[in-house]
Amino acid sequence: NSRSILLSTNRGGGGGEEEEESVEKQSKTNVAKKVSYAVILSSLITLIVLNRDALSSFNFKEELAKQLDILSSMGTKGIVLYVFAFMAWELIVGV
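Turning next to the overall build of the protein chain. The number of helices and strands found in the protein chain is 5 helices and 0 strands. Of the regular secondary structure in the protein chain, the N- to C-terminal order runs α-α-α-α-α. Going through the 95 residues of the protein chain one by one, you find that 4% of them count as buried.

The next thing to look at is helix 4 (residues 60-73). With 14 residues, helix 4 ought to run about 20 Å at 1.5 Å a step, and its terminal C-alpha atoms sit 20 Å apart, in line with that. Looking one or two residues past helix 4, Gly75 carries a phi angle of roughly 75 degrees, positive in sign.

What follows concerns the pattern of salt bridges. The tally for this structure, following the rule as stated, stands at 1 salt bridge. Two residues, Lys66 and Glu62, come together in a salt bridge whose shortest N-O distance is 3.7 Å. Separated by 4 residues within a single helix, Lys66 and Glu62 lie in helix 4, roughly one turn from each other. Overall, the relative accessible area of 42% leaves Lys66 in the partly exposed class. Residue class for Glu62 comes out partly exposed when judged on its relative accessible area of 44%.

On to the packing of helix 4 against helix 5 (residues 76-92), then. Look at helix 4 against helix 5: their axes get within 8 Å of each other, and the N-to-C directions meet at 140 degrees. By the angle class used here, helix 4 and helix 5 are oblique. On helix 5, the residues touching Phe60, Leu68 and Leu71 of helix 4 are Gly78, Ile79, Leu81, Tyr82 and Trp89. Among the residues making up the contact of helix 4 with helix 5, the classes are represented as 7 nonpolar, 1 polar and no charged.

Another aspect to go through is the packing of aromatic side chains. All chains considered together, the criterion is met by 1 aromatic pair. The interplanar angle of 20 degrees and the centroid separation of 6.1 Å between the aromatic rings of Tyr82 and Phe86 together place this pair among those described as stacked. With Tyr82 and Phe86 both in helix 5 and 4 residues apart, this pair spans about one turn of that helix. On the accessibility criterion, Tyr82 (38% relative accessible area) is partly exposed. Residue classification places Phe86 among the partly exposed positions, given a relative accessible area of 42%.

What counts, and where the lines are drawn
- Residues numbered from 1 in each chain as written.
- Predicted model: local features only at pLDDT ≥ 70, side-chain atom pairs only at ≥ 80, totals over all residues.
- Heavy atoms only, no water.
- Helix = DSSP H or I, 4+ residues; strand = E, 2+ residues; numbered from the N terminus.
- Buried < 20%, exposed > 50% of the residue type's maximum accessible area, 1.4 Å probe, protein only.
- Expected span 1.5 Å × (residues − 1).
- Salt bridge = Lys/Arg side-chain N within 4 Å of Asp/Glu carboxyl O.
- Axes fitted to C-alpha atoms, helices over the stretch in contact; angles between N-to-C directions.
- Parallel < 35°, antiparallel > 145°, perpendicular 65-115°, else oblique.
- Contact = heavy atoms within 4.5 Å.
- Nonpolar A, V, L, I, M, F, W, Y, C, P; charged D, E, K, R; others polar.
- Phe/Tyr/Trp six-rings, centres within 6.5 Å; stacked < 30°, edge-to-face > 60°.

Okay, structure coming up:
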């Protein structure tokens, strides 16, 4: 490997073991990340599949109308809360 030869000559030789250890640590970290992503994704899919009845019965428009009515009844404080909620929605969802 020309890279390890170059590194060992720059360090004065003997740097191969340290480089191998760091590469091994990086590969273990990458594997751990991939496994954790797979576990999280499969957990979310399982959660959605198991709760599909509850999710399908949720009426987003009705719930949103209720929350907006509550904010409307609060007066100025409700308008300020609405503005912040709308700003957060635009920043997070952006639609």
